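Reading the structure
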Amino acid sequence: NTALEKDLLPNLEFQDRLAYTSQILVSRKVNNNLSVLLAPTFIHENLATRSIENVDETTVIFHDEDNNQFAIGLGARYKLGKRWSLNMDYGAHLNRNDNSNFKNPLSIGIDLETGGHVFQMHFTNAQAMFEEGFLIQGQGDWGDGDFFFGFNLSRVF
C-alpha cells in the first residue's frame, strides 16, 4: 500500500504496506445471457485498516480493524445484446467493526465489445482497484450520491 504516508506513520516499515488476499471464485453461466459469481474472500493486512471517528471538534478516536478480514463477493453479468452487457458486483465485509466509516462496495458497469476491443465503464463507491482496497475500504456512499467513475479499454490480439 503506497498510499500510507511516512509523515503520518513515522514507524512505518516496508512490511506494514503488505496485504495478502485469497479468494475462491465460484461462477456459473446460468444461460446464454446470465452469468453469476460467488467469491468468498480472506484478506490479511499487516497494518490493519484504520477508521477515524470525530467525536467533537477536539476529540478523535481511531478504530482499527482486525488484521484478518473476511468478505464475500457477489457478481453478475447480463448480456443485453451481442456486444453489450450489464455488470454488477457487491462485496459484503463480514467482520468490519461497528465504528468503521467504510462502506461495502457496489459497482455497476457496462461492457461494449467492438470486435477486438472491449470498452468498460464502471460506477462504484470504492475507489481502489486492488482487492484489499476495493473490498474493505469503500469510501463512497451511494445513498449520498457519492460514487466514482472508472473506464477500462482492453484489446484482444
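Refer to the structure presented above.
Scope of this entry: the structure provided in the associated data block. (Residues numbered from 1 in each chain as written. Predicted model: local features only at pLDDT ≥ 70, side-chain atom pairs only at ≥ 80, totals over all residues. Heavy atoms only, no water.)

So, about the overall build of the protein chain. Within the protein chain one finds one helix and 10 strands. Listing every helix and strand of the protein chain by position from the N terminus yields β-β-β-β-β-β-β-β-β-α-β. In terms of overall dimensions, the protein chain has C-alpha extents of about 55 × 35 × 25 Å along its principal axes. The buried share among the 157 residues of the protein chain stands at 25%. (Helix = DSSP H or I, 4+ residues; strand = E, 2+ residues; numbered from the N terminus. Buried < 20%, exposed > 50% of the residue type's maximum accessible area, 1.4 Å probe, protein only.)

Residue position: Glu45 is located in strand 3 (residues 34–45). Lacking a salt bridge, the buried Glu45 has Arg96 as its closest oppositely charged neighbour, with an N-O distance of 9.7 Å. At a separation of 3.4 Å, a polar atom in the side chain of Glu45 contacts the side chain of Gln137. Excluding residues that lie within four positions of it along the chain, Glu45 makes contacts with Leu18, Ala19, Asn67, Gln69, Ile136 and Gln137. (Lys, Arg positive; Asp, Glu negative; His and termini not counted. Salt bridge = Lys/Arg side-chain N within 4 Å of Asp/Glu carboxyl O. Polar contact = N/O pair within 3.5 Å; in protein donor to acceptor, adjacent residues only side chain to side chain. Contact = heavy atoms within 4.5 Å.)

Attention shifts here to the packing of aromatic side chains. Under the defined criterion, the tally for this structure stands at five aromatic pairs. For the ring pair Phe42 and Phe70, a centre distance of 5.4 Å and an interplane angle of 50 degrees mean the geometry is tilted. Separated by 28 residues along the polypeptide, Phe42 in strand 3 and Phe70 in strand 6 (residues 68–79) bring together distant segments of the chain. Its relative accessible area of 30% is what places Phe42 among the partly exposed residues. With 5.1 Å between their ring centres and 50 degrees between their planes, Phe123 and Phe149 make a pair best called tilted. (Phe/Tyr/Trp six-rings, centres within 6.5 Å; stacked < 30°, edge-to-face > 60°.)

Core analysis: the biggest nonpolar cluster contains five residues, these being Ile43, Ala126, Phe134, Leu135 and Ile136. Top contributing element to this core by residue count: helix 1 (residues 131–136), with three residues. Sequence-distant contacts of Leu135, defined by excluding residues within four places in its chain, comprise Gln23, Thr41, Ile43, Gly91, His93, Arg96 and Pro105. (Core = buried A, V, L, I, M, F, W, Y, C linked by side-chain atoms within 4.5 Å.)

A word on the pattern of salt bridges. Scanning the entire structure with this criterion turns up one salt bridge. Linking Arg77 and Glu113 is a salt bridge whose minimum nitrogen-to-oxygen distance equals 3.0 Å. A residue pair is termed long-range when its members are at least 10 positions apart, and Arg77 in strand 6 and Glu113 in strand 8 (residues 106–113) qualify at 36 residues. Among the residues examined, Arg77 registers a relative accessible area of 28% and is labelled partly exposed.

Read these as spatial facts, not as claims about activity.
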